[in-house]
Structure formats: structure tokens, C-alpha cells
Amino acid sequence: MSALTIEGLKEILNEAAGDDDSFKPGQDILDIPFLELGFDSLALLETVALIKRKHGAAIADDELAYIETPRQLLDKVNGQIAA
């Protein structure tokens, strides 16, 4: 399975939020906390469920509590994909 890119994550985040264009291509969101991006814990749970379905990488709820930015989420997901 190939690594999840930031553009792929943006698509998943948009899908989880029920929005088609929350993030624009090229917009740098890597280090912006999810709360500042408008994602609460429920939206992140939906995001993680979509990631699991599309990429096979599962993140436990207790691990999700420590993931605050898209960069941290990408690192966690891509670490699992690589393993």
C-alpha cells in the first residue's frame, strides 16, 4: 500500500467534514492543530475510520488523543503502512 500524502489526507478530512473544498490544493496545513482547522474529536474519529477503510492503517482512540496536527497523523499512518 502506498503512503498517505498531505493531499490525500486533505481529501479524507474534507470527506469526514462533509465538505468538498475546505482545503485548497497547495494550502499548508501540516502543522496547524486540528482544533484550529475546525476538527473536533468526533470529526477526527470519522477521519481515522476513513483512513482505516481506504489505507488499512488503524489508529486506536487512545493514540488519537495525542495526535494534534496533520503532520503527526500522517507520520502515524505512514509508519503503519511502512511496517
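Structure first, text after, so check above.
Here the structure is a predicted model, which is why all the values come from computation and not from measurement.

*Asks:* Tell me about the overall build of the protein chain, residues and numbers included.
*Replies:* A tally of regular secondary structure across the protein chain gives four helices and zero strands. The secondary structure elements of the protein chain, listed N-terminal to C-terminal, are α-α-α-α. For 83 residues, the compact-globule estimate of 2.2 N^0.38 gives 12 Å, and the protein chain sits close to it at 12 Å. Viewed in the frame of its principal axes, the protein chain has a C-alpha envelope of about 30 × 25 × 20 Å. The buried share among the 83 residues of the protein chain stands at 37%. With the model as given, the accessible surface of the protein chain reaches about 5000 Å², and the carbon-plus-sulfur share is 51%. If you average the places of the 7 positive and of the 16 negative side-chain charges in the protein chain, the two averages end up 5 Å apart.

*Asks:* With reference to specific residues and values, describe the pattern of salt bridges.
*Replies:* Counting across every chain of the model gives four salt bridges. Residues K54 and E15 are paired through a salt bridge, measuring 2.6 Å at the closest nitrogen-oxygen approach. Residue K54 is located in helix 2 (residues 41–55), and its partner E15 is located in helix 1 (residues 6–17); the two are separated by 39 residues in the primary sequence. The class for E15 is partly exposed, based on a relative accessible area of 40%. Between R71 and D31 there is a salt bridge, with the nearest N and O atoms lying 2.7 Å from each other. In this pair, R71 is assigned in helix 4 (residues 70–82) and D31 in the loop between helix 1 and helix 2, connecting sequence segments 40 residues apart.

*Asks:* Describe in detail helix 4, supporting the description with residues and values.
*Replies:* Spanning 13 residues, helix 4 covers 18 Å between terminal C-alpha atoms, matching the ideal 18 Å at 1.5 Å per step. For helix 4, the complete set of buried residues consists of P70, L73, L74, V77 and I81. Considered in projection along helix 4, the buried side chains sweep an arc of 95° and stay on one side of the axis. Opposite the buried face of helix 4, by more than 90 degrees, sit the exposed residues D75 and A82.

*Asks:* Which residues make up the side chain of T69, and what are the values?
*Replies:* Note on placement: T69 falls in the loop between helix 3 (61–64) and helix 4. The class for T69 is buried, based on a relative accessible area of 10%. When near neighbours in sequence (up to four residues on either side) are disregarded, T69 contacts L30, D31, I32, P33 and F34.

Conventions used here
- Residues numbered from 1 in each chain as written.
- Predicted model: local features only at pLDDT ≥ 70, side-chain atom pairs only at ≥ 80, totals over all residues.
- Heavy atoms only, no water.
- Helix = DSSP H or I, 4+ residues; strand = E, 2+ residues; numbered from the N terminus.
- Rg over C-alpha atoms; globule rule 2.2 N^0.38 Å.
- Buried < 20%, exposed > 50% of the residue type's maximum accessible area, 1.4 Å probe, protein only.
- Areas by Shrake-Rupley, 256 points an atom, 1.4 Å probe, with all protein chains shown as cover.
- Lys, Arg positive; Asp, Glu negative; His and termini not counted.
- Charge placed at Lys NZ, Arg CZ, Asp CG, Glu CD.
- Salt bridge = Lys/Arg side-chain N within 4 Å of Asp/Glu carboxyl O.
- Expected span 1.5 Å × (residues − 1).
- Arc of directions from axis to C-beta.
- Contact = heavy atoms within 4.5 Å.

Purely geometric numbers; function is a separate question.
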